[in-house]
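# Working through the structure, step by step
Residue strings, one per chain:
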Amino acid sequence: MGKQRVAQLEYSEFQSAMLDEDKRRRKAAKIIAVLEHFQGPLGGLTVGDVGCSAGFIADELARAGAKHTLGIDIDVPGLRKAADRFGERVAFVCGDGTALPFPDGSLDVLVFNHIYEHVVDPDAVVAEMHRVLSDDGVLYLGLGNRLGVVEPHYKLPFLSYLPPTLADRYVRAFGRADHYYERFRTRRGLRRMLRAFHVWDYTFPVLATPTRFAGSELFPGALGRVVKAVLARAPREVLRLLLPVVPTYLWVATKTPRRPAGAALPQPPERVLPL
């Protein structure tokens, strides 16, 4: 049997990527660009980063004009570092995502970026985010795909395809970890997880126009320019064939029906149908 999953406390202490400030701030720029395309500036809004760890993304959300910015996590060492550096701009809260310490409908924007695979009960966290999000609020989601070929944490091909026992043996065999903790879902499983929301897919808009979404590093060099041009011009029917194995989905979700407010794009956002 695979090792029983418990909450990943002190995540930043063993996952150095959470302390890579430059990379985290670049991710924040992409998140903000997507949110602003969907709904406009963050000025005057109450924004929460669920799974904020060391606080770099939360800090960027505050710098983007949010009236109140909240960083929520169970990573106490990460929260201490975050509060020491950014406490004047961001209120950091030690809280479990399955019991967010906020009233119903009290947050205008939530960010949940590459977190769901780390939590014990992602469905409960999603339900809590639905509860605390305002009726016209927006939820940004960065979601890893179980069928992405190379697992993003351990860089091993097909790792997330395997059942827990075999995945544990795989990471041990390559000296990457004692066991494989993360649990990814397929696109179908993610649609089911978000079934209470109205969801728009920004994956191809970001890939096709990375400079528009602060993602210029995604496709560097001459080859990158070719890839960008192909993605921008490819028929959406062709791109949809790739959706089951795209490694990461970038989705925006709302409680009530809304449409993206931003300018037209070569590859526009599309609705994600619920299950």
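The residue numbering used here restarts from 1 in each chain and proceeds along that chain's sequence as written. With pLDDT at 70 or above as the cut-off, local features in this predicted model cover only qualifying residues; side-chain atom pairs require 80 or more to be listed or tallied, and sums for whole chains, interfaces and linings still use all residues. The basis for the side-chain values is all heavy atoms of the structure; hydrogens and waters are excluded.

Per an unreviewed UniProt entry, the protein carries the name Methyltransferase domain-containing protein and comes from Nonomuraea spiralis.

The next point concerns the UniProt feature "domain: Methyltransferase type" (unreviewed entry) in the protein. UniProt positions are given in the numbering used here, feature names are shortened, and annotations may be inferred rather than shown by experiment. If you check UniProt for "domain: Methyltransferase type" (unreviewed entry), the listed places come out as residues 49-141 in our numbering. As annotated, residues 49-141 has a helix share of 32% and a strand share of 30%, and its two end C-alpha atoms lie 11 Å apart. Working definition: helices are DSSP H or I runs of at least four residues, strands are E runs of at least two. Numbering for both runs from the N terminus.

Moving on, we come to the side chain of Gln267. Along the chain, Gln267 turns up in the loop between strand E7 (248-254) and strand E8 (270-272). Whenever a nitrogen or oxygen atom comes within 3.5 Å of another N or O atom, the pair is scored as a polar contact, on the condition that within protein one atom can donate a hydrogen and the other can accept it, and that pairs from neighbouring residues in sequence are kept only if both atoms are in side chains. A polar side-chain atom of Gln267 sits 3.0 Å from a polar atom in the side chain of Arg236. When near neighbours in sequence (up to four residues on either side) are disregarded, Gln267 contacts Phe204, Pro205, Ala208, Leu231, Ala232, Arg233, Ala234, Arg236 and Leu239. Any two residues whose heavy atoms approach within 4.5 Å at even a single point are treated as in contact.

Right, let's get into a nonpolar patch on the surface. Residues Val149, Val150 and Phe158 make up a contiguous nonpolar surface patch of about 250 Å² in total accessible area. Looking at the element boundaries, Val150 is found in the loop between strand E5 (133-144) and helix H6 (164-173). Of the residues examined, Val150 reaches a relative accessible area of 47% and is grouped as partly exposed. Patch membership requires over 30% relative accessible area and the absence of a salt bridge. Like charges are linked within 9 Å, and nonpolar side chains (Val, Leu, Ile, Met, Phe, Trp, Tyr) within 5 Å. Reported accessibility uses the Shrake-Rupley method at a 1.4 Å probe radius. Residues are deemed covered only where the shown protein chains occlude them. By definition here, a salt bridge exists when the distance from a side-chain nitrogen of Lys or Arg to a carboxyl oxygen of Asp or Glu is within 4 Å. Buried residues are those whose accessible area, probed at 1.4 Å on protein chains only, stays under 20% of the maximum for their type, while exposed residues exceed 50% and partly exposed ones sit between those limits.

Turning next to the environment of Asp201. Within the secondary structure, Asp201 is located in strand E6 (residues 198-201). For Asp201, a relative accessible area of 6% translates into the label buried. Each C-alpha atom of the pair Asp201 and Asp96 lies 27 Å from the other, and the pair is 105 residues apart in sequence. Apart from the residues within four sequence positions on either side, Asp201 is in contact with Arg187, Leu243, Leu250, Trp251, Pro269, Glu270 and Val272.

Now for the sheet that holds strand E4 (residues 107-113). Strand order across the open sheet formed by 8 strands is E3-E2-E1-E4-E5-E7-E6-E8, with mixed pairing between neighbours. Looking at strand neighbours, the two that pair on one side only are strand E3 (91-94) and E8, the edges of this open sheet. Taking the axes of each pair of neighbouring strands and ignoring which way they run, one obtains an average angle of 25 degrees across the sheet. Being paired, for any two strands, means DSSP has found at least two bridges between them. Where strand E1 (residues 46-50) and strand E2 (residues 68-73) come together, 5 bridges link them in parallel fashion. Note on E2: the bridge partner recorded for Asp49 is Gly71. To define axes, lines are fitted to C-alpha atoms, for helices over the stretch in contact only, and angles between the resulting N-to-C directions are given on a 0 to 180 degree scale. Contacts from helix H2 (residues 21-39) reach E4, E5, E6 and E7 within the one sheet, and its direction differs from that of E5 by about 140 degrees. Here helix H5 (residues 122-132) sits on the sheet and contacts E1, E4 and E5; the angle it forms with E5, its principal contact strand, is near 150 degrees.

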